[in-house]
Amino acid sequence: MADADATATAFAVDADAFNRFQLAGWEARADSYAFFSPMTRRVGGALLAAACVAAGTEVLDVGAGPGDLAAAAADLGADTVGMDVAPSMVRRAALAHPAIPFRVGSFEQIPAGEGVFDAVVGNFVLNHVGRPELALREAARVLRPGGWLALSSWDAPHRNRLLGLMLDAVTAAGAAVPPGVPAGPVSYPSAAELRDSFLAAGFTDVGTSGIMFEAAVPDAATLWQGLLDSAVRVPAHVTAQPADVQARIRSAFDDLVAVHRRPGAGLAVPVSVLVTRGRRP
Ligand SMILES: C[S@@+](CC[C@H](N)C(=O)[O-])C[C@H]1O[C@@H](n2cnc3c(N)ncnc32)[C@H](O)[C@@H]1O
(Lines give C-alpha, C1' and ligand atoms only; values in the text may rest on other atoms or scores of the structure.)
Protein backbone atom coordinates (compact mmCIF):
# COMPACT_ATOMS: atom_id res chain seq x y z
CA MET A 1 0.00 0.00 0.00
CA ALA A 2 1.25 3.48 -0.77
CA ASP A 3 0.61 5.91 2.10
CA ALA A 4 -0.34 9.52 1.55
CA ASP A 5 3.30 10.65 1.36
CA ALA A 6 4.33 7.88 -0.99
CA THR A 7 1.36 8.78 -3.16
CA ALA A 8 2.52 12.37 -3.34
CA THR A 9 5.96 11.21 -4.40
CA ALA A 10 4.72 8.75 -6.99
CA PHE A 11 2.18 11.01 -8.71
CA ALA A 12 2.12 14.66 -9.64
CA VAL A 13 0.17 16.73 -7.12
CA ASP A 14 -3.03 18.24 -8.51
CA ALA A 15 -3.32 21.10 -6.02
CA ASP A 16 -6.83 22.09 -7.09
CA ALA A 17 -8.14 18.52 -6.81
CA PHE A 18 -6.44 18.19 -3.43
CA ASN A 19 -7.97 21.45 -2.19
CA ARG A 20 -11.44 20.38 -3.35
CA PHE A 21 -11.01 17.05 -1.54
CA GLN A 22 -9.88 18.81 1.63
CA LEU A 23 -12.69 21.36 1.54
CA ALA A 24 -15.34 18.66 1.10
CA GLY A 25 -13.83 16.64 3.95
CA TRP A 26 -13.61 19.52 6.42
CA GLU A 27 -16.98 20.93 5.48
CA ALA A 28 -18.47 17.60 6.63
CA ARG A 29 -16.49 17.48 9.90
CA ALA A 30 -17.43 20.65 11.77
CA ASP A 31 -19.41 18.62 14.32
CA SER A 32 -17.47 15.37 14.50
CA TYR A 33 -14.04 17.09 14.76
CA ALA A 34 -14.66 17.32 18.51
CA PHE A 35 -12.65 14.11 19.05
CA PHE A 36 -9.41 15.82 17.96
CA SER A 37 -9.98 19.11 19.75
CA PRO A 38 -8.63 18.07 23.19
CA MET A 39 -5.37 17.04 21.47
CA THR A 40 -4.96 20.03 19.17
CA ARG A 41 -5.74 22.37 22.10
CA ARG A 42 -2.63 21.09 23.89
CA VAL A 43 -0.48 22.69 21.19
CA GLY A 44 -2.12 26.12 21.38
CA GLY A 45 0.04 27.58 24.15
CA ALA A 46 3.28 26.65 22.36
CA LEU A 47 2.05 28.16 19.09
CA LEU A 48 1.00 31.43 20.69
CA ALA A 49 4.31 31.66 22.58
CA ALA A 50 6.26 30.91 19.38
CA ALA A 51 4.43 33.72 17.58
CA CYS A 52 4.97 36.08 20.58
CA VAL A 53 1.22 36.63 20.95
CA ALA A 54 0.34 38.82 23.94
CA ALA A 55 -2.19 41.43 24.95
CA GLY A 56 -2.72 43.82 22.06
CA THR A 57 -1.12 41.61 19.38
CA GLU A 58 -3.09 41.64 16.14
CA VAL A 59 -3.24 37.96 15.25
CA LEU A 60 -4.75 35.84 12.48
CA ASP A 61 -5.57 32.17 13.17
CA VAL A 62 -5.53 30.38 9.79
CA GLY A 63 -7.42 27.10 9.46
CA ALA A 64 -9.13 28.03 12.70
CA GLY A 65 -11.52 25.06 12.67
CA PRO A 66 -13.76 25.25 15.75
CA GLY A 67 -11.82 28.32 16.91
CA ASP A 68 -9.93 27.00 19.94
CA LEU A 69 -6.60 28.66 19.08
CA ALA A 70 -8.25 31.99 18.24
CA ALA A 71 -10.06 31.81 21.60
CA ALA A 72 -6.79 31.09 23.44
CA ALA A 73 -5.21 34.12 21.72
CA ALA A 74 -8.19 36.29 22.68
CA ASP A 75 -7.87 35.05 26.28
CA LEU A 76 -4.34 36.52 26.28
CA GLY A 77 -5.82 39.87 25.28
CA ALA A 78 -4.80 39.61 21.60
CA ASP A 79 -6.90 41.29 18.93
CA THR A 80 -7.83 38.08 17.12
CA VAL A 81 -9.35 37.16 13.76
CA GLY A 82 -10.04 33.56 12.71
CA MET A 83 -10.23 32.24 9.17
CA ASP A 84 -11.07 28.86 7.69
CA VAL A 85 -11.76 27.59 4.19
CA ALA A 86 -14.78 25.54 5.33
CA PRO A 87 -17.95 27.60 5.91
CA SER A 88 -19.31 24.99 8.36
CA MET A 89 -16.18 25.37 10.52
CA VAL A 90 -16.53 29.17 10.45
CA ARG A 91 -20.16 28.89 11.57
CA ARG A 92 -19.20 26.53 14.39
CA ALA A 93 -16.34 28.77 15.56
CA ALA A 94 -18.51 31.89 15.44
CA LEU A 95 -21.21 30.14 17.47
CA ALA A 96 -18.71 28.97 20.11
CA HIS A 97 -16.82 32.29 20.29
CA PRO A 98 -19.22 35.10 19.38
CA ALA A 99 -16.81 37.86 20.43
CA ILE A 100 -14.20 36.81 17.82
CA PRO A 101 -14.65 37.57 14.10
CA PHE A 102 -14.31 34.43 11.94
CA ARG A 103 -14.39 34.57 8.17
CA VAL A 104 -14.24 32.16 5.27
CA GLY A 105 -10.97 32.26 3.36
CA SER A 106 -8.11 30.19 2.05
CA PHE A 107 -4.57 30.11 3.36
CA GLU A 108 -3.52 30.29 -0.31
CA GLN A 109 -5.30 33.62 -0.75
CA ILE A 110 -5.74 35.31 2.61
CA PRO A 111 -8.51 37.92 2.43
CA ALA A 112 -6.47 40.66 4.09
CA GLY A 113 -4.19 43.49 3.01
CA GLU A 114 -0.43 43.61 3.17
CA GLY A 115 1.27 43.92 6.55
CA VAL A 116 -1.85 44.05 8.71
CA PHE A 117 -1.06 41.41 11.38
CA ASP A 118 1.62 41.18 14.08
CA ALA A 119 1.29 37.39 14.13
CA VAL A 120 -0.16 34.57 12.02
CA VAL A 121 -0.76 31.21 13.71
CA GLY A 122 -2.15 27.95 12.38
CA ASN A 123 -2.76 24.69 14.23
CA PHE A 124 -2.54 21.66 11.89
CA VAL A 125 -3.46 23.45 8.67
CA LEU A 126 -0.38 23.61 6.41
CA ASN A 127 -0.59 19.90 5.51
CA HIS A 128 -4.15 20.39 4.27
CA VAL A 129 -3.22 23.01 1.70
CA GLY A 130 -2.55 22.05 -1.91
CA ARG A 131 0.07 24.79 -2.40
CA PRO A 132 1.87 25.16 0.96
CA GLU A 133 4.59 27.31 -0.60
CA LEU A 134 1.92 29.81 -1.70
CA ALA A 135 0.28 29.73 1.74
CA LEU A 136 3.60 30.58 3.41
CA ARG A 137 4.13 33.50 1.03
CA GLU A 138 0.60 34.69 1.82
CA ALA A 139 1.36 34.58 5.54
CA ALA A 140 4.49 36.66 4.93
CA ARG A 141 2.47 39.14 2.87
CA VAL A 142 -0.12 39.84 5.58
CA LEU A 143 2.48 40.10 8.38
CA ARG A 144 4.04 43.37 9.43
CA PRO A 145 7.86 43.48 9.25
CA GLY A 146 9.12 41.70 12.37
CA GLY A 147 5.89 39.71 12.77
CA TRP A 148 5.95 35.98 13.50
CA LEU A 149 4.34 33.05 11.73
CA ALA A 150 3.95 29.89 13.86
CA LEU A 151 2.48 26.66 12.49
CA SER A 152 2.05 23.22 13.99
CA SER A 153 2.19 19.99 12.01
CA TRP A 154 2.04 16.28 12.79
CA ASP A 155 5.39 14.62 13.27
CA ALA A 156 6.35 11.45 11.37
CA PRO A 157 3.81 8.62 11.88
CA HIS A 158 6.31 6.36 13.66
CA ARG A 159 6.51 8.97 16.44
CA ASN A 160 2.98 10.36 16.12
CA ARG A 161 1.04 7.16 16.70
CA LEU A 162 -2.27 9.08 16.71
CA LEU A 163 -2.22 8.92 12.89
CA GLY A 164 0.50 6.30 12.55
CA LEU A 165 -1.67 3.49 13.90
CA MET A 166 -4.24 3.89 11.13
CA LEU A 167 -1.62 4.43 8.42
CA ASP A 168 0.28 1.32 9.54
CA ALA A 169 -2.95 -0.68 9.62
CA VAL A 170 -3.67 0.30 6.00
CA THR A 171 -0.15 -0.81 5.06
CA ALA A 172 -0.45 -4.06 7.06
CA ALA A 173 -3.70 -4.88 5.24
CA GLY A 174 -1.95 -4.44 1.89
CA ALA A 175 -4.60 -1.95 0.77
CA ALA A 176 -4.06 -0.01 -2.46
CA VAL A 177 -4.63 3.75 -2.63
CA PRO A 178 -8.34 4.01 -3.45
CA PRO A 179 -9.48 6.05 -6.45
CA GLY A 180 -10.74 9.51 -5.50
CA VAL A 181 -7.97 10.23 -2.99
CA PRO A 182 -5.89 12.87 -4.77
CA ALA A 183 -2.14 13.04 -4.28
CA GLY A 184 -1.17 15.96 -2.09
CA PRO A 185 1.93 17.68 -0.82
CA VAL A 186 4.04 15.92 1.84
CA SER A 187 1.75 15.09 4.77
CA TYR A 188 4.34 14.95 7.53
CA PRO A 189 7.19 17.31 6.63
CA SER A 190 10.37 16.94 8.69
CA ALA A 191 11.89 19.82 10.63
CA ALA A 192 14.40 20.24 7.79
CA GLU A 193 11.66 20.36 5.15
CA LEU A 194 9.66 22.84 7.21
CA ARG A 195 12.75 25.00 7.65
CA ASP A 196 13.44 24.99 3.90
CA SER A 197 9.82 25.92 3.16
CA PHE A 198 9.82 28.82 5.63
CA LEU A 199 13.17 30.09 4.31
CA ALA A 200 11.96 29.81 0.70
CA ALA A 201 8.96 31.99 1.59
CA GLY A 202 11.33 34.68 2.90
CA PHE A 203 11.12 34.06 6.66
CA THR A 204 14.14 34.52 8.93
CA ASP A 205 14.94 33.24 12.43
CA VAL A 206 13.31 29.94 11.47
CA GLY A 207 13.20 27.20 14.10
CA THR A 208 11.22 24.06 14.90
CA SER A 209 10.53 22.54 18.30
CA GLY A 210 8.88 19.26 19.18
CA ILE A 211 5.98 18.61 21.52
CA MET A 212 5.19 15.11 22.75
CA PHE A 213 2.36 13.93 24.96
CA GLU A 214 0.05 10.97 25.39
CA ALA A 215 -3.59 11.11 24.34
CA ALA A 216 -5.90 9.24 26.70
CA VAL A 217 -8.54 7.34 24.70
CA PRO A 218 -10.96 4.85 26.30
CA ASP A 219 -10.53 2.03 23.79
CA ALA A 220 -9.62 1.03 20.22
CA ALA A 221 -13.19 1.49 18.94
CA THR A 222 -13.29 5.09 20.18
CA LEU A 223 -9.90 5.80 18.62
CA TRP A 224 -10.89 4.21 15.30
CA GLN A 225 -14.17 6.15 15.06
CA GLY A 226 -12.57 9.36 16.32
CA LEU A 227 -9.92 9.20 13.59
CA LEU A 228 -12.53 8.54 10.90
CA ASP A 229 -14.58 11.49 12.15
CA SER A 230 -11.78 14.00 12.79
CA ALA A 231 -9.27 13.61 9.96
CA VAL A 232 -9.66 13.79 6.18
CA ARG A 233 -6.71 12.36 4.26
CA VAL A 234 -5.89 9.36 6.48
CA PRO A 235 -9.44 7.96 6.86
CA ALA A 236 -10.06 8.31 3.12
CA HIS A 237 -7.54 5.49 2.71
CA VAL A 238 -9.90 3.32 4.79
CA THR A 239 -13.46 4.39 4.00
CA ALA A 240 -13.02 4.32 0.21
CA GLN A 241 -11.99 0.62 0.32
CA PRO A 242 -14.26 -2.38 -0.30
CA ALA A 243 -15.85 -3.80 2.86
CA ASP A 244 -13.50 -6.81 3.11
CA VAL A 245 -10.42 -4.56 2.89
CA GLN A 246 -11.85 -2.22 5.51
CA ALA A 247 -12.36 -5.22 7.80
CA ARG A 248 -8.72 -6.26 7.30
CA ILE A 249 -7.52 -2.74 8.09
CA ARG A 250 -9.66 -2.64 11.23
CA SER A 251 -8.31 -5.97 12.41
CA ALA A 252 -4.71 -4.82 11.85
CA PHE A 253 -5.53 -1.58 13.69
CA ASP A 254 -6.80 -3.48 16.74
CA ASP A 255 -3.59 -5.53 16.80
CA LEU A 256 -1.38 -2.42 16.54
CA VAL A 257 -3.29 -0.53 19.22
CA ALA A 258 -2.75 -3.29 21.81
CA VAL A 259 0.73 -2.04 22.73
CA HIS A 260 -0.76 1.24 23.98
CA ARG A 261 -3.23 -0.34 26.44
CA ARG A 262 -2.75 0.69 30.06
CA PRO A 263 -4.21 -1.68 32.68
CA GLY A 264 -7.53 -0.26 33.84
CA ALA A 265 -6.89 3.06 32.08
CA GLY A 266 -7.74 2.59 28.42
CA LEU A 267 -5.19 3.66 25.81
CA ALA A 268 -2.28 6.08 26.10
CA VAL A 269 -1.45 7.00 22.49
CA PRO A 270 1.85 8.83 21.82
CA VAL A 271 1.31 12.13 20.02
CA SER A 272 4.20 14.02 18.47
CA VAL A 273 3.92 17.49 16.97
CA LEU A 274 6.32 19.97 15.36
CA VAL A 275 5.90 23.71 15.90
CA THR A 276 7.76 25.84 13.37
CA ARG A 277 8.14 29.57 13.47
CA GLY A 278 9.71 32.22 11.31
CA ARG A 279 9.84 35.97 11.29
CA ARG A 280 9.02 38.32 8.45
CA PRO A 281 12.12 40.48 7.88
C1 LIG B 1 -6.96 19.64 11.38
S2 LIG B 1 -8.13 20.92 11.29
C3 LIG B 1 -7.43 22.06 12.50
C4 LIG B 1 -8.45 22.97 13.10
C5 LIG B 1 -7.93 23.87 14.22
N6 LIG B 1 -6.82 24.69 13.79
C7 LIG B 1 -7.54 23.03 15.40
O8 LIG B 1 -6.37 22.91 15.67
O9 LIG B 1 -8.44 22.51 16.05
C10 LIG B 1 -7.69 21.70 9.76
C11 LIG B 1 -8.51 22.95 9.48
O12 LIG B 1 -7.90 23.63 8.38
C13 LIG B 1 -8.92 24.06 7.50
N14 LIG B 1 -8.33 24.20 6.16
C15 LIG B 1 -8.00 23.23 5.29
N16 LIG B 1 -7.49 23.77 4.18
C17 LIG B 1 -7.50 25.11 4.36
C18 LIG B 1 -7.10 26.22 3.55
N19 LIG B 1 -6.59 26.06 2.32
N20 LIG B 1 -7.25 27.47 4.04
C21 LIG B 1 -7.78 27.66 5.28
N22 LIG B 1 -8.19 26.65 6.08
C23 LIG B 1 -8.04 25.40 5.63
C24 LIG B 1 -9.98 22.98 7.61
O25 LIG B 1 -11.23 23.43 7.15
C26 LIG B 1 -9.93 22.65 9.09
O27 LIG B 1 -10.83 23.44 9.83
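Note that the structure is a prediction, hence the values are computed from the model and not measured. (Residues numbered from 1 in each chain as written. Predicted model: local features only at pLDDT ≥ 70, side-chain atom pairs only at ≥ 80, totals over all residues.)

Thoughts on the overall build of the protein
1) Next: When its secondary structure is counted, the protein shows 12 helices and 7 strands.
2) Next: For 281 residues, the compact-globule estimate of 2.2 N^0.38 gives 19 Å, and the C-alpha radius of gyration of the protein, at 18 Å, lies within 12% of that figure.
3) Next: By its C-alpha atoms, the protein is 55 × 45 × 35 Å across when sized along the principal axes.
4) Next: Within the protein, the fraction of its 281 residues that count as buried is 50%.
5) Next: Looking at the protein alone, contacts between residues at least 24 apart form 76% of all its contacts between residues at least 6 apart. (Helix = DSSP H or I, 4+ residues; strand = E, 2+ residues; numbered from the N terminus. Rg over C-alpha atoms; globule rule 2.2 N^0.38 Å. Buried ≥ 20, exposed ≤ 12 C-beta atoms within 10 Å, placed from the backbone. Contact = placed C-beta atoms within 7 Å.)

Considerations on helix H12 (residues 243-257)
1) Next: The terminal C-alpha atoms of H12 lie 21 Å apart, and with 15 residues this matches the ideal 21 Å at 1.5 Å per residue to within 8%.
2) Next: Three or more residues of H12 are buried, namely Ile249, Ala252, Phe253 and Val257. Looking straight down H12, one finds that the buried residues subtend no more than 135° of arc, so they occupy a single side. For H12, exposure combined with an orientation more than 90 degrees from the buried face picks out Ala243, Asp244 and Ala247. (Expected span 1.5 Å × (residues − 1). Arc of directions from axis to C-beta.)

Remarks on the packing of helix H7 (residues 132-142) against helix H9 (residues 191-200)
1) Next: Interhelical geometry of H7 versus H9 gives an angle of 55° and a closest axis separation of 9 Å. In terms of orientation, H7 and H9 fall into the oblique class. Note that H7 runs across H9; the crossing there is right-handed. For the pair H7 and H9, the contacting residues are Pro132, Glu133 and Leu136 in the first and Ser197, Phe198 and Ala200 in the second.
2) Next: Per-class residue counts for the contact of H7 with H9 are 4 nonpolar, 1 polar and 1 charged. (Axes fitted to C-alpha atoms, helices over the stretch in contact; angles between N-to-C directions. Parallel < 35°, antiparallel > 145°, perpendicular 65-115°, else oblique. Left-handed = near helix turned anticlockwise from the far one by under 90°. Nonpolar A, V, L, I, M, F, W, Y, C, P; charged D, E, K, R; others polar.)

Here we look at the pairing of strand E7 (residues 267-279)
1) Next: When you tally the buried positions in E7, you get 11 out of 13 residues, the bulk of the element.
2) Next: Pairing of strand E5 (residues 143-154) with E7, which is carried by 7 bridges, proceeds in the antiparallel orientation. Paired with Leu151 across the two strands is Thr276, which belongs to E7. (Pairing = 2+ DSSP bridges.)

A word on the site of the ligand
1) Next: Within the structure, the ligand sits among 23 residues, and Trp26, Thr40, Gly63, Gly65 and Asn123 are positioned closest to it.
2) Next: Those elements that provide at least two residues to the shell around the ligand are helix H2 (15-27), helix H3 (37-41) and helix H5 (68-75).
3) Next: Of the residues in the shell around the ligand, the class split is 12 nonpolar, 8 polar and 3 charged. (Near = placed C-beta within 6 Å.)

Observations regarding the pairing of strand E2 (residues 79-84)
1) Next: Within E2, 5 of the 6 residues are buried, which leaves the element mostly enclosed by the surrounding structure.
2) Next: Of the strand pairs in this sheet, strand E1 (residues 58-62) and E2 are connected by 5 bridges, and their pairing is parallel. Each residue of the ladder has a partner; that of Val59, found in E2, is Thr80.
3) Next: Two elements, E2 and strand E3 (residues 102-104), share 3 bridges in a ladder whose sense is parallel. The partner of Met83 across the bridge, within E3, is Arg103.
4) Next: Following the chain from E2 across helix H6 (residues 87-96) to the adjacent parallel E3, one finds a crossover that is right-handed. (Right-handed = clockwise from strand over helix to strand, strands pointing away.)

A short note on the packing of helix H10 (residues 220-230) against H12
1) Next: Relative orientation of the contacting elements H10 and H12 amounts to 125°, with a least axis distance of 10 Å. Classed by the angle they form, the pair H10 and H12 counts as oblique. Handedness of the H10/H12 crossing: right-handed. For the pair H10 and H12, the contacting residues are Ala220, Leu223 and Trp224 in the first and Arg250, Phe253, Asp254 and Val257 in the second.
2) Next: Looking at the contact of H10 with H12 residue by residue, the classes come out as 5 nonpolar, no polar and 2 charged.

Quick look at the sheet that holds strand E4 (residues 117-123)
1) Next: In spatial order, the strands read E3-E2-E1-E4-E5-E7-E6; together these 7 strands make up an open sheet with mixed pairing. The sheet is open, and its two edges are formed by E3 and strand E6 (204-217), each paired on a single side. For this sheet, the mean inter-axis angle between neighbouring strands, taken without regard to orientation, is 20°.

Notes on the confidence of the model for the protein
1) Next: Here the protein averages 94 in pLDDT, and 96% of its residues register 70 or above.
2) Next: Ignoring residues within four places in sequence, the model shows residues 1-10, a span with pLDDT below 50, making 24 contacts including any to other chains. (pLDDT = per-residue confidence, 0-100.)

Points about H10
1) Next: Taken as a whole, H10 has its buried residues at Ala220, Leu223, Trp224, Gly226 and Leu227. Taken down its axis, H10 places every buried residue within 170° of arc, on the same side.

Considering the nonpolar core
1) Next: Ala51, Val120, Val121 and Met166 are the most contacted members of the largest nonpolar core, which has 82 residues in total.
2) Next: Considering every element that reaches this core, the biggest residue donor is helix H8 (residues 161-172), with 7 residues.
3) Next: Discounting residues that sit within four places of it in the chain, Val120 has contacts with Leu60, Val62, Ala139, Val142, Leu143 and Leu149. (Core = buried A, V, L, I, M, F, W, Y, C linked by C-beta atoms within 7 Å.)

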